[in-house]
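Coordinates in review
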Amino acid sequence: FFGIWSYLVKINQPSSPTLTDKERKQALSKILKREAVLATNKNANGSINYSSRYISFSYPAAADVHKVDILPPLLENFQFGIRSPQVKISIQVVEPQCNDLSEYPAVKLRQSQKDIYKQTSKVMGDKSGLEFTKKADMIERSSFFLYKGRVYSIVATGFDMRDTDDLYTKTFSSMKFN
């Protein structure tokens, strides 16, 4: 019995040395083309600062970050969510084939559904954009900006208006164009 147990322990040991956290973070950052977040304390207070070539913002330390593939025309795609209350946020930077926000498909869709989405103007830094609020079914707050030929967007969805607004407002207020 001892011989079988020793053999099983030996074959289940890794054959190559494991990476350090620093090496793992460097490898993941290279693959993701953004700073990798290895682990966060899900009960943590405060926020984590995110900065890329295109945009900077803060998000809750307790958030779950979702890996999303980046394929052209997408330049940046960062998604996170919190479980309680359930709210999800997606921040994207796209190099679109349009010269005006009203030509961008996501904006065009919201503008065409005036009975569902309420449109207002929104400012980030010194740039004007469009904000939409949807209160039917799931709650949605979204903003779109055209800056240096790119569309920057933030979309927050949730089941409770106050919770969705709170996370959207906190995240949006920390956003900056890079």
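Residues numbered from 1 in each chain as written. Predicted model: local features only at pLDDT ≥ 70, side-chain atom pairs only at ≥ 80, totals over all residues. Heavy atoms only, no water.

The antiparallel open sheet is built from seven strands, whose spatial order is β3-β4-β5-β9-β8-β7-β6. Strands at the two margins of the open sheet, each flanked by one partner only, are β3 (64-66) and β6 (117-124). Pairwise comparison of adjacent strand axes, ignoring direction, gives a mean angle of 15° for this sheet. One ladder, built from eight bridges, connects β6 with strand β7 (residues 127-134); its direction is antiparallel. (Pairing = 2+ DSSP bridges. Helix = DSSP H or I, 4+ residues; strand = E, 2+ residues; numbered from the N terminus. Axes fitted to C-alpha atoms, helices over the stretch in contact; angles between N-to-C directions.)

Moving on to the packing of aromatic side chains. Each aromatic ring pair is summarised here by two numbers: the centre-to-centre distance and the angle between the ring planes. Applying the stated criterion across every chain yields a total of 16 aromatic pairs. Taken together, a centroid distance of 4.7 Å and an interplanar angle of 80° make the contact between Tyr 152 and Phe 177 edge-to-face. Taken together, the positions of Tyr 152 in strand β9 (residues 150-158) and Phe 177 in strand β10 (residues 176-177) put the pair 25 residues apart, joining distant regions of the chain. For Tyr 152, a relative accessible area of 1% translates into the label buried. Through a chain of ring-to-ring contacts, three or more aromatic side chains come together here, namely Phe 145, Tyr 147, Tyr 152, Tyr 168, Phe 172 and Phe 177. Its guanidinium or amino end placed over the ring of Phe 172, Lys 122 lies 4.5 Å from that ring's centre, counting from NZ or CZ. (Phe/Tyr/Trp six-rings, centres within 6.5 Å; stacked < 30°, edge-to-face > 60°. Buried < 20%, exposed > 50% of the residue type's maximum accessible area, 1.4 Å probe, protein only. Lys NZ or Arg CZ within 6 Å of the ring centre and 35° of its normal.)

Formed by 24 residues in total, the largest nonpolar core has its most connected members in Phe 57, Phe 80, Tyr 152 and Met 175. The set of elements that each furnish at least two residues to this core consists of β2 (55-60), β4 (74-82), β5 (87-94), β8 (139-147), β9 and α4 (161-174). The element that contributes the greatest number of residues to this core is β5, accounting for four residues. One finds Leu 74, Phe 132, Phe 144 and Val 151 within the second-largest nonpolar core, a separate group that totals 11 residues. (Core = buried A, V, L, I, M, F, W, Y, C linked by side-chain atoms within 4.5 Å.)

This part takes up helix α2 (residues 21-32). Taking 1.5 Å as the rise per residue, α2 with 12 residues should run 16 Å; its terminal C-alpha atoms sit 16 Å apart, in good agreement. The first or second residue beyond α2 is Lys 33, which carries a positive phi of 60°. (Expected span 1.5 Å × (residues − 1).)

A separate point is the pattern of salt bridges. Per the counting criterion, the structure on display carries five salt bridges. With a shortest N-O distance of 2.7 Å, Asp 64 and Arg 83 are connected by a salt bridge. One end of the pair, Asp 64, is in strand β3; the other, Arg 83, is in the loop between β4 and β5, and 19 residues separate them in sequence. Exposure remark for Arg 83: the relative accessible area of 69% places this residue in the exposed category. With a closest N to O distance of 2.9 Å, Glu 140 and Arg 110 form a salt bridge. You can see Glu 140 sitting in strand β8 and its partner Arg 110 sitting in helix α3 (residues 105-112), a full 30 residues away along the chain. Judged on exposure class, the residue Glu 140 and its partner Arg 110 are both buried. A single network of salt bridges, built from pairs that share partners, joins Lys 122, Glu 131, Arg 141 and Asp 165. (Salt bridge = Lys/Arg side-chain N within 4 Å of Asp/Glu carboxyl O.)

In this section: the environment of Lys 25. Turning to its location among the elements, Lys 25 is positioned in helix α2. We classify Lys 25 as partly exposed; its relative accessible area is 31%. Sequence separation between Lys 25 and Glu 35 is 10 residues, and the spatial gap between their C-alpha atoms is 7.8 Å.

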